[in-house]
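Listed below are the residues making up each chain.
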Amino acid sequence: MTTTTPACGRCGAEHTATTEADYLKTVGVHGDARAVWDRLNPIERDGITSIVRTILSAPDLAAELLVLADRSPTEGEDR
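Residues numbered from 1 in each chain as written. Predicted model: local features only at pLDDT ≥ 70, side-chain atom pairs only at ≥ 80, totals over all residues. Heavy atoms only, no water.

Some details on the overall build of the protein
And then number 1: Within the protein, the regular secondary structure consists of three helices and two strands.
And then number 2: For the protein, the sequential pattern of α-helices and β-strands runs β-β-α-α-α.
And then number 3: When the 79 residues of the protein are sorted by exposure, 8% land in the buried category.
And then number 4: Contacts spanning at least 24 positions in sequence make up 7% of the contacts within the protein whose residues lie at least 6 apart.
And then number 5: About 6400 Å² of surface is accessible on the protein, with carbon and sulfur atoms providing 58% of the total. (Helix = DSSP H or I, 4+ residues; strand = E, 2+ residues; numbered from the N terminus. Buried < 20%, exposed > 50% of the residue type's maximum accessible area, 1.4 Å probe, protein only. Contact = heavy atoms within 4.5 Å. Areas by Shrake-Rupley, 256 points an atom, 1.4 Å probe, with all protein chains shown as cover.)

As structure tokens, then:
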């Protein structure tokens, strides 16, 4: 089964899924992304777009940023 999701009524995005589970996941992820995007102002949208592009192009960077985020703050360091 290969199915193309209906175009998003707001942005026209279409995705292809090979199983019903993939289809449901794709539709859900797109809906979640729309909800986040709608809450951001234009400056925040530019910032998150830049961050996501940087992280997706460098998986090792993403992993290292998660390590930094998860480590305990050192004395005197605000989180």
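Picking up after the structure, the text goes on.
Let's talk about the layout of surface pockets
And then number 1: Its volume calculated, the largest pocket comes out at about 150 Å³.
And then number 2: As for the largest pocket, its lining consists of Cys11, His15, Thr26, Val29, His30, Ala33, Arg34 and Trp37.
And then number 3: Here the lining of the largest pocket is composed, by residue class, of four nonpolar, three polar and one charged. (1 Å grid on protein atoms, 1.4 Å probe; cavity = no way out; pocket = protein on both sides within 12 Å on 5 of 7 lines; lining within 4 Å. Points joined across faces, edges and corners; volume = space filled by probe spheres on them. Nonpolar A, V, L, I, M, F, W, Y, C, P; charged D, E, K, R; others polar.)

Overview of the side chain of Arg34
And then number 1: Along the chain, the position of Arg34 falls in helix H1 (residues 20-39).
And then number 2: Residue Arg34 is classed as buried on the basis of its relative accessible area, which comes to 18%.

Considering the confidence of the model for the protein
And then number 1: This prediction gives the protein a mean pLDDT of 86; 87% of its residues lie at or above 70.
And then number 2: Strand E1 (residues 3-4) is the least confidently modelled element of the protein, averaging 70 in pLDDT, while helix H2 (residues 42-56) averages 95, the highest of any element. (pLDDT = per-residue confidence, 0-100.)

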